[in-house]
Amino acid sequence: MTTTVTVSGGDFRPYEVVVGRGLLAGLGGRVAPLAQGRTVVITDETVGRLHGKAALASLKAAGAPGRLLTVPPGEGSKSFAELERVIDRMLAFQLDRKDVVVALGGGVVGDLAGLAAALFMRGVDFVQVPTTLLAQVDSSVGGKTAIDTPRGKNLVGAFHQPRLVLADIDVLATLPERQLRSGWAEVLKHGLICDADFFEWLAGEGSAGAGGDPEALERAVVRSVEIKSAIVGEDEKEAGRRALLNLGHTFGHAIEAELGFDETKLTHGEAVALGCALAFRFSAASGLCAPDAAARAATVLGAAGLPTRLDQAGTFKAASLVKRMGGDKKAERGRLTLILAWEIGDAFVARDVDAGAVTAFLEAEIAGG
Ligand code: GLY
């Protein structure tokens, strides 16, 4: 079964997110109507080895022949140097404004290829073919593209919506288990933000998805894409409601930064899971949500093999974490903005959060309180 979710409502051309199995083989048939000329498939070495040939063959058969442009795997490719190299290769391939960029890979490839597409000849169309769970449920939808600089992550970028997103559940079968679970954190995040029934399904029958069951994964991806699409349609540029998608990210980003963004210690998804657990416990400590709701959130995240307590990730100082949270680009004029919750499925944007209260909370968490 294939499900199509339309992303619309914002100041952008509506586009479809197609979720299903075996979609990669039909890539060419879906891209050819968008491409008046040629295509370039930007991928990384790992994904290129697994799926590059199939993607090129499908594009060629459909009359939208492509060149493969491969970048090294990993966050290091979200750099000015790699962006320059990618754009230079696109110029060397003599692509023009009618040609289409296909981003075949995880979040790094999607962010880099999307930004290259936004900049090349002042903007060309691009198609996202996300190959990680995290990219399927989050980064491929919504048009955020970016690279990192030595001063921080995602600091240089553009909003550039894709023309089409193809989320093929079958490609998730080759994902390492830890990466799958990391993507599952973003799936659970969507339930925690605005859909308590979905969260309880993920905790029960749907939990097989965290272990790779394709049917559960498909349903989890579809619902996540519906949730994200609705939010992006309302608030493309993150003036308000889109910030809800950052649940767990301000705590999580600070923890990742303290660990030097070392994915061997803590993946982004693990940091988000831990951040969600902290956001719920802080909400409970602030009298905003019931302690039972915070405990339930942590239980379900933990049952999916995700960390929910700081000591599972490393040794931290509360003041250092709060400093990192204040330095987060989501902070406004030195005040902490956090995504907090009234209950599971009902998160909200809290501006003006008292940094002292967050420090005291984290001190108690570190002390095991
Ligand atoms: N990943 C959060 C967003 O797209 O807004």
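We now turn to the structure provided with this report. (Residues numbered from 1 in each chain as written. Predicted model: local features only at pLDDT ≥ 70, side-chain atom pairs only at ≥ 80, totals over all residues. Heavy atoms only, no water.)

### Observations regarding the site of the ligand
And step 1. Every residue close to the ligand is listed here: Asp-138, Lys-144, Lys-228, Glu-238, Arg-242 and Leu-245.
And step 2. Here a nitrogen atom of the ligand sits 3.0 Å away from a polar atom, N or O, in the side chain of Asp-138.
And step 3. Here Lys-228 contributes a side-chain N or O atom positioned 2.6 Å from an oxygen atom of the ligand.
And step 4. In the complex, the protein chains occlude 89% of the 200 Å² of accessible area that the ligand would expose alone.
And step 5. Along the lines of polarity and charge, the residues of the shell around the ligand split into 1 nonpolar, no polar and 5 charged. (Near = heavy atom within 4 Å. Polar contact = N/O pair within 3.5 Å; in protein donor to acceptor, adjacent residues only side chain to side chain. Areas by Shrake-Rupley, 256 points an atom, 1.4 Å probe, with all protein chains shown as cover. Nonpolar A, V, L, I, M, F, W, Y, C, P; charged D, E, K, R; others polar.)

### Side note on the pattern of salt bridges
And step 1. Tallying each qualifying case throughout the model produces 21 salt bridges.
And step 2. For Lys-78, the salt bridge identified is with Asp-148, shortest N-O distance 3.9 Å. Placement of the pair is Lys-78 in the loop between β4 (66–71) and α3 (80–92) and Asp-148 in strand β7 (residues 144–149), with a sequence separation of 70 residues. Across this residue pair, the class does not change: Lys-78 and Asp-148 are buried.
And step 3. The salt bridge involving Lys-98 is made with Asp-96; its shortest N-O contact spans 4.0 Å.
And step 4. For Lys-98, a relative accessible area of 44% gives the class partly exposed.
And step 5. Under the relative-accessibility criterion, Asp-96 is labelled partly exposed at 30%.
And step 6. Overlapping salt bridges, with partners in common, bring together Glu-75, Lys-78, Asp-111, Asp-148 and Lys-153 in one network. (Salt bridge = Lys/Arg side-chain N within 4 Å of Asp/Glu carboxyl O. Helix = DSSP H or I, 4+ residues; strand = E, 2+ residues; numbered from the N terminus. Buried < 20%, exposed > 50% of the residue type's maximum accessible area, 1.4 Å probe, protein only.)

### With respect to the state of the cysteines
And step 1. Inspection of every chain in the model, using the stated rule, returns 0 disulfides.
And step 2. Looking at the unpaired Cys-276, the closest cysteine sulfur is the one in Cys-194, lying at 12 Å.
And step 3. Here Cys-289 stays free of any disulfide, with the sulfur of Cys-276 as its closest cysteine sulfur at 12 Å.
And step 4. Given a relative accessible area of 6%, Cys-289 falls into the buried group. (Disulfide = S-S within 2.5 Å.)

Keep in mind that these numbers describe shape and distance, not what the molecule does.
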